[in-house]
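# Architecture at a glance
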Amino acid sequence: MAAEPTLNDFRLEPAVGVRNWEDGKYHRVFEHHFLDFMIEGLSLRDLAGEPDMVTPLSRPWLEGVPAEIDRLLGRRETEELSEGRVALLLCGVDGDTACGALTARLEHSEAHVTWTDWLWESYQGAQPVERPSAPLVFERTRYEAQLHGAVPLLRAMPYDELAHRGKRFLWPWEWGWRLPPRVD
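Sequence order as written defines the numbering, with residues in each chain counted from 1. Predicted model: local features are reported for residues with pLDDT of at least 70 only, side-chain atom pairs are reported and counted for 80 or more only, and whole-chain, interface and lining totals are derived from all residues. The basis for the side-chain values is all heavy atoms of the structure; hydrogens and waters are excluded.

Attention now goes to the overall build of the protein. Helix and strand assignments come from DSSP, with helices taken as H or I runs of at least 4 residues and strands as E runs of at least 2, each series counted from the N terminus. In terms of helices and strands, the protein carries four helices and eight strands. Here's how the labels work: a residue is buried when its accessible area is under 20% of the maximum for its type, exposed when over 50%, partly exposed in between, all with a 1.4 Å probe on protein chains only. Within the span of the protein, comprising 184 residues, buried residues form 42% of the whole. Only the protein chains shown count as covering a residue, and every accessible area follows the Shrake-Rupley method with a 1.4 Å probe. Summed over all atoms, the accessible surface of the protein reaches about 10900 Å², with 52% contributed by carbon and sulfur.

Let's shift gears to the pattern of salt bridges. Any carboxyl oxygen of Asp or Glu that lies within 4 Å of a side-chain nitrogen of Lys or Arg is treated as forming a salt bridge with it. Scanning all chains against the criterion turns up 11 salt bridges. For Arg 75, the salt bridge goes to Asp 70, with nearest N and O atoms at 3.7 Å. For Arg 75, a relative accessible area of 54% translates into the label exposed. With a shortest N-O distance of 3.9 Å, Asp 117 and Arg 105 are connected by a salt bridge. With Asp 117 in strand 6 (residues 112-122) and Arg 105 in strand 5 (residues 101-108), this pair connects stretches of sequence that are 12 residues apart. Shared partners join several salt bridges into a network, and the residues in it are Asp 9, Arg 11, Glu 13 and Arg 142.

The subject of this paragraph is the confidence of the model for the protein. On a range of 0 to 100, pLDDT expresses the predictor's confidence in each residue. Of all residues in the protein, 85% have pLDDT values of 70 or greater, and the mean over the chain is 87. When pLDDT is averaged over each helix and strand of the protein, the minimum, 87, is found for strand 2 (residues 26-39) and the maximum, 98, for helix 3 (residues 140-148).

Our next topic: helix 3. Listed in full, the buried residues belonging to helix 3 are Tyr 143, Glu 144 and Leu 147. The arc that holds the buried residues of helix 3, viewed along the axis, is 95 degrees, so those residues lie on one side. Directions from the helix axis toward the C-beta atoms define the arc.

Those residues of helix 2 (residues 65-72) that fall on the buried side of the exposure criterion are Val 65, Ala 67, Ile 69, Arg 71 and Leu 72. Once helix 2 finishes, Gly 74 follows within two positions and takes phi at roughly 80 degrees, a positive value.

Looking now at the layout of surface pockets. What the largest pocket holds in volume is close to 260 Å³. Definitions used for this entry: grid spacing 1 Å over protein atoms alone; cavity, a set of points where a 1.4 Å probe fits but cannot get out; pocket, an open set with protein on both sides within 12 Å along at least 5 of 7 lines; lining residue, one with an atom within 4 Å of a point. Residue lining of the largest pocket: 15 residues in total, with Pro 56, Glu 68, Arg 71, Leu 90 and Gly 95 positioned closest to the centre. Sort the elements by how many residues they give to the lining of the largest pocket and helix 2 lands first, with three residues. Grid points are joined across faces, edges and corners, and a volume is the space filled by probe spheres set on the points.

By definition, two strands form a pair when at least two bridges between them are found by DSSP. Direction of pairing for strand 6 relative to strand 7 (residues 125-128): antiparallel, over a ladder of four bridges. By the bridge assignment, Ser 122 is partnered in strand 7 with Gly 125. Where strand 6 folds back on strand 7, the antiparallel hairpin that results is connected by two residues.

Structure (C-alpha cells):
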C-alpha cells in the first residue's frame, strides 16, 4: 500500500503588487490587487523567489477568473501551455505567459491535488526552476473550496488601480505636450 503523501496547507489571501510608472511628467504608483496562493502560510511568490509576479486570480482580469479557476481545477486546458500544465504566477502588467510564467503540472486524485514538475515558461521556451522543486500536495476538498470562494473576494477588491489615490490616469495626449503647428 502506498504511503499517504504529506499534505500542504493551501489558502487564498488578498495581496497587492505595486509598480511605478512614468505617465508623461507624472510619476504614478499602480496597485494590482489579486489573490495570492499561500502554502503553509508563505506566498508562492516568496517560495519561488518571484515577488513581482501575480497569480491568475487578479482583480484587473476579473472576467477571465472563472476560466482560470476551471484551469486550476483541471476542467480546462491552458492554450499556451502543454497539456496538464497550469500557470501559477504571471507577469503583473498584462498576465501574458509569453512574458514568463511559473507553471506546474496539475494532477488530481479523489483525495488530493498536486502541483509538480515546476517550469519557467516564456516565449523562449521552458526551463526548470530551482524553487519550488518538490511537489505540493493539497487536500482536494479544501483546495476546491478555496477556489470556489475566489470570485466574491476579487469583486470586493479595488479594480481601478488609481481610485484609492484620487488620481486619474493620463493618456499620452493629456501629458501637456502639443503637436507642432500645421504648415501648408
